[in-house]
Amino acid sequence: MGHDHHHHTHTNNKKALMISFFIIAGYMIIEAVGGFLTNSLALLSDAGHMLSDAVSLGVALLAFTLGERTANYSKTFGYKRFEILAAIFNGITLIIIAIFILVEAIRRFLHPPEIATTGMLMIAFIGLLVNILVAWILMRGVDTEDNLNVRAAFLHVIGDMLGSVGAIVAALLIMFFGWGWADPLASIIVALLITISGWRVSRDALQVLMEGTPKNVDINKVIHTIENVDGIIRIHDLHVWSITSGHNALSCHAVVDHDLSIKESQILLRNIEHELHHLGIGHVTIQLEDIEHPHSDNLLCEHNQTVAMQHHHH
């Protein structure tokens with residue numbers, strides 16, 4: 001039953017992402033052409049943000065598709081980390097787009113061009129409706145709570161809605177007050193939104209690639225939980241990392257207080273796995289050792305363990 005629910009959610013995620021991708025990519029082209037024809041940087045920057053949305057949605061979709069491939073001897077974790085590599089690319093691309101928009105906005109502040117405000121207003125308003133439609137599709141059909149990959153794509157679309165609002169406000173200010181600077185100002189606000197998105201995506205992806213402790217895992221609580229399991233004296237050589245977003249793994253050595261039978265070892269490991277599952281860790285590898293097994297008391301780093309053991313021998 002649980003597997004069927006997971007498969008159903010997975011299918012819904014893919015379907016909603018595919019529909020959203022084609023809508024966003026299609027309107028992004030229209031908005032880019034409209035930006036060139038109306039000479040509006042706010043529209044062009046919003047099209048740039050829409051491009052990042054399309055990339056983000058495409059990456060999420062591709063990650064689902066590639067993630068379905070089974071593990072093999074050369075890729076023992078399968079292809080799940082593809083989405084992290086793509087996220088780094090996505091984040092860097094966002095920052096480059098933002099820099100381009102900022103440079104162009106400064107130039108336009110110094111030399112404001114003529115802008116076809118009616119066309120700008122119409123295209124920006126339709127863009128807002130498109131973003132609202134896509135946000136609605138994603139809210140209804142996609143798991144935006146538990147899947148970080150999908151949530152990132154959803155937040156991109158929300159950010160783009162703000163960009164469309166900025167372009168609409170800029171068009172109205174130019175139409176009614178003749179404030180030509182409103183167009184580059186709106187594009188600067190969009191560029192800042194894009195920069196923040198790009199920085200966050202890149203930072204989170206880098207944390208995964210550096211095998212950092214996942215954000216949703218409290219390492220102290222993990223240590224306390226394992227060492228509180230009946231039969232465990234202490235743990236060492238602990239590593240907690242993400243295979244990809246939402247797939248956390250742990251490995252460690254655990255010292256037990258007496259020789260355990262195979263059945264007792266299985267019960268002990270099942271208890272630990274059960275407890276760690278509640279802390280957001282699904283992939284657990286634990287090496288059980290007795291008290292006489294040679295080991296260091298160092299909790300984390302292998303290098304520190306070597307230094308400690310050398311110091312002990314001296």
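**Some points on the pattern of salt bridges**
Step number 1: In total, this model carries 6 salt bridges according to the counting rule given.
Step number 2: Taking the shortest distance from any N to any O, the salt bridge between R108 and E104 comes out at 3.3 Å. Of the two residues, R108 and E104 both sit in helix α3 (residues 82–110), 4 residues apart, roughly one turn of that helix.
Step number 3: Residue D204 pairs with R203 through a salt bridge whose shortest N-O separation is 3.4 Å.
Step number 4: According to the relative accessible area criterion, D204 is partly exposed, its value standing at 31%.
Step number 5: One salt-bridge network, in which partners are shared between bridges, spans E104, R107, R108 and D183.

**Quick look at the nonpolar core**
Step number 1: One finds L17, M120 and L138 to be the most contacted residues of the largest nonpolar core, which totals 33 residues.
Step number 2: Listed by contribution, the elements that provide at least two residues to this core are α1 (2–38), α2 (41–67), α4 (117–141), α5 (148–177) and α6 (182–209).
Step number 3: Per-element accounting of this core gives the leading share, 9 residues, to α5.
Step number 4: Membership of the second largest hydrophobic core comes to 21 residues, among which are L250, L269, V284 and I286.

**Focus: the side chain of E31**
Step number 1: Counting through the fold element by element, E31 comes out in helix α1.
Step number 2: Despite being buried, E31 has no salt bridge partner; R108 is the closest side chain of opposite charge, sitting 13 Å away.

Parameters and conventions
Per chain, residues are indexed from 1 in the order of the written sequence. With the structure being a predicted model, the display of local features is reserved for residues of pLDDT at least 70 and the display and counting of side-chain atom pairs for 80 or more, all residues being used for whole-chain, interface and lining totals. Only hydrogens and water are set aside when side-chain values are computed; all heavy atoms of the structure are taken into account. The salt bridge definition used is simple: a Lys or Arg side-chain nitrogen within 4 Å of an Asp or Glu carboxyl oxygen. Numbering of helices and strands runs from the N terminus; a helix is a DSSP stretch of H or I covering at least four residues, while a strand is a stretch of E covering at least two. In this scheme, a residue with accessible area under 20% of its type's maximum is buried, one over 50% is exposed, and one in between is partly exposed, where area comes from a 1.4 Å probe on protein chains only. Residues grouped as a nonpolar core are buried Ala, Val, Leu, Ile, Met, Phe, Trp, Tyr and Cys residues, joined through side-chain atoms within 4.5 Å. Only four residue types enter the tally: Lys and Arg on the positive side, Asp and Glu on the negative side, with His and both chain ends excluded.

That's the geometry; what it means functionally is another story.
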